[in-house]
Amino acid sequence: MKYLFGPVPSRRLGMSLGVDLIPPKTCPFDCIYCEVGPTTVKTRERREYIPAQEILAELEEYLANASQNPDYITLAGSGEPTLNSALGRIIRRTKELTSTPVAVLTNGALLSLPEVRREIINADVILPSLDAVTPALFEMINRPVAGLIIGALITGLHHLRAEYSGQIWLEILLLRGLNDTETELANLKKAIQKLQPDRVQLNTAVRPATEETAKPLTPEELAAAASFLGEGTEVIADFSGSVHPTFILTDSELLATLARRPQTARDLAEVLGMPLVAVMKRLDHLFREGRVSRSQRQNRIFYQTH
Ligand code: SF4
């Protein structure tokens, strides 16, 4: 699979089949907390970075062979999915192919463009992020492409709320000493009250980030921020992954991932963000315990549950 990843267990979306619309790492932002690494192409130019036809062919093949549908098909990936100018076509065709709801993860940078909103509103859930309201903090945390200002991003979110009747789940990623101050939390609270998202989801930098300055809050601090921001705010940070990426998934979650479709160790390592060697060791262990089987196809070893 070139553009699909998973399904992977996601705290926000259950078993989520990821669809990458953008080559790594193309984004209008270069967030200091990004887990994918530094942005190599910082742009807000929209074009068909990956042809819709190729993405949809892969999705069609997956859906035709899948024994079970994922909970969501999530347009996301290692960059900003709204940069793909075929976004609207991809959402529409996906909805023709399956009744599985479509989610879009976005940093919101392009939501000020009417055409982007016209395309994205066919999704069932939109998950935009908003990390700061104060321009200096926005610059410091998200490091946007030149000319992109936080006021325009927030206006785009307002327009989206007015034009879209589906679910908006707003993610805020809090960083120690930056956007976790009383003042910025109060600014964010005011913005949330105006934006009226259906959910507010708090996160922090629990995994290795692009910059060391991206420091996480503790679970207690996040809980306090959630209660300050008000009813309906939930903490989604997964602290189980903070010790070492190897511990992101339990064996039963790994087995659930494999139960959906056979995967190679390399597929799993990419999908789970774990080192290949660690994945191979765990698969070997599960194989020796008789909990997964192996088969060879086209010189590749696939693992699956029985
Ligand atoms: S918006 Fe997302 S992909 Fe882009 S730099 Fe920030 S965290 Fe990384």
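Everything numeric in this text was worked out from a predicted model, so none of it was measured.

In this section: the overall build of the protein. Regarding its fold elements, the protein presents 10 helices and 12 strands. Computed over the C-alpha atoms, the radius of gyration of the protein is 19 Å, within 12% of the 19 Å expected from 2.2 N^0.38 for a compact globule of 306 residues. Counting only residues that meet the buried cut, the protein has 51% of its 306 residues in that class. Sequence separation of at least 24 residues holds for 72% of the intrachain contacts in the protein that already meet a minimum separation of 6. Within the structure as shown, the protein displays about 14100 Å² of accessible surface, and the carbon and sulfur contribution to it stands at 51%. Distance between charge centroids for the protein: 2 Å, based on 33 positive and 36 negative side chains.

Under the domain assignment, the protein is made up of domain 1 (4–241) and domain 2 (244–306). Centre-to-centre, using C-alpha coordinates, domain 1 lies 27 Å away from domain 2.

Time to look at the site of the ligand. Around the ligand, the structure places Lys25, Cys27, Phe29, Asp30, Cys31, Tyr33, Cys34, Thr39 and Asn107. Here the residues of the shell around the ligand sort into five nonpolar, two polar and two charged.

Attention now moves to the side chain of Arg46. With respect to the element layout, Arg46 can be found in the loop between strand 4 (41–42) and helix 1 (52–65). The buried category is assigned to Arg46, whose relative accessible area is 19%. Separated by 3.1 Å, the side chain of Arg46 and the backbone oxygen of Asn84 make a polar contact. Leaving out residues up to four positions away in the same chain, Arg46 has contacts with Thr82, Leu83, Asn84, Ser85, Leu87, Leu110, Leu113, Glu115, Val116 and Glu119.

What follows concerns helix 2 (residues 87–97). Listed as buried for helix 2 are Leu87, Gly88, Ile90, Ile91 and Thr94. Along the long axis of helix 2, the arc covered by the buried residues comes to 165°, so they all point the same way. On its buried face, helix 2 sits against helix 1, strand 5 (72–76), strand 6 (102–106) and helix 3 (114–120).

As for its placement among the helices and strands, Asp124 is situated in the loop between helix 3 and strand 7 (125–128). With 137 residues separating them along the chain, Asp124 and Arg261 place their C-alpha atoms 25 Å apart. With sequence-adjacent residues up to four places away left out, Asp124 is seen in contact with Lys95, Pro101, Val102, Tyr164, Gly166 and Gln167.

Across the sheet, eight strands lie side by side as 1-2-5-6-7-8-9-10; this open sheet has mixed pairing. Two strands bound the open sheet, and with one partner strand each, they are strand 1 (4–10) and strand 10 (233–235). Within this sheet the neighbouring strands show an average axis-to-axis angle of 25°, counted without direction. Alignment of strand 7 against strand 8 (residues 167–174), held across two bridges, turns out to be parallel. Each bridged residue has a counterpart across the sheet, and for Ile126 the counterpart in strand 8 is Ile168. In the packing of helix 7 (residues 219–229) onto the sheet, contacts are made with strand 8, strand 9 (199–204) and strand 10, and the angle to strand 9 comes to roughly 155°.

What follows deals with the pairing of strand 8. Taken across its eight residues, strand 8 has seven buried, putting it largely inside the fold. Bridge count between strand 8 and strand 9: six bridges; the pairing is parallel. Within the sheet, the bridge partner assigned to Leu173 lies in strand 9 and is Asn203. With respect to chirality, the unit in which strand 8 leads through helix 6 (residues 182–195) into the neighbouring parallel strand 9 is right-handed.

What follows deals with the packing of aromatic side chains. Taken as a whole and assessed by the stated rule, the structure comprises two aromatic pairs. With centroids separated by 5.6 Å and ring planes inclined at 75°, the aromatic side chains of Phe29 and Phe138 adopt a geometry described as edge-to-face. Of the two residues, Phe29 is situated in the loop between strand 3 (26–27) and strand 4 and Phe138 in helix 4 (residues 135–142); the sequence distance between them amounts to 109 residues. According to the relative accessible area criterion, Phe29 is buried, its value standing at 4%. Considering the side-chain rings of Tyr72 and Trp169, the 6.5 Å spacing of their centres and the 70° angle between planes classify their relative orientation as edge-to-face. Separated by 97 residues along the polypeptide, Tyr72 in strand 5 and Trp169 in strand 8 bring together distant segments of the chain. Overall, Tyr72 belongs to the buried group, its relative accessible area being 17%.

Turning next to the pattern of salt bridges. For side chains of opposite charge, pairing can occur when their charged atoms come near one another. The tally for this structure, following the rule as stated, stands at 15 salt bridges. For Glu60, the salt bridge goes to Arg93, with nearest N and O atoms at 3.8 Å. Residue Glu60 is located in helix 1, and its partner Arg93 is located in helix 2; the two are separated by 33 residues in the primary sequence. Salt bridges here are not isolated pairs; linked through shared partners, they connect Asp30, Arg143 and Glu211.

The rules behind the values
Residues numbered from 1 in each chain as written. Predicted model: local features only at pLDDT ≥ 70, side-chain atom pairs only at ≥ 80, totals over all residues. Heavy atoms only, no water. Helix = DSSP H or I, 4+ residues; strand = E, 2+ residues; numbered from the N terminus. Rg over C-alpha atoms; globule rule 2.2 N^0.38 Å. Buried < 20%, exposed > 50% of the residue type's maximum accessible area, 1.4 Å probe, protein only. Contact = heavy atoms within 4.5 Å. Areas by Shrake-Rupley, 256 points an atom, 1.4 Å probe, with all protein chains shown as cover. Lys, Arg positive; Asp, Glu negative; His and termini not counted. Charge placed at Lys NZ, Arg CZ, Asp CG, Glu CD. Domains from an automatic or database assignment. Near = heavy atom within 4 Å. Nonpolar A, V, L, I, M, F, W, Y, C, P; charged D, E, K, R; others polar. Polar contact = N/O pair within 3.5 Å; in protein donor to acceptor, adjacent residues only side chain to side chain. Arc of directions from axis to C-beta. Pairing = 2+ DSSP bridges. Axes fitted to C-alpha atoms, helices over the stretch in contact; angles between N-to-C directions. Right-handed = clockwise from strand over helix to strand, strands pointing away. Phe/Tyr/Trp six-rings, centres within 6.5 Å; stacked < 30°, edge-to-face > 60°. Salt bridge = Lys/Arg side-chain N within 4 Å of Asp/Glu carboxyl O.

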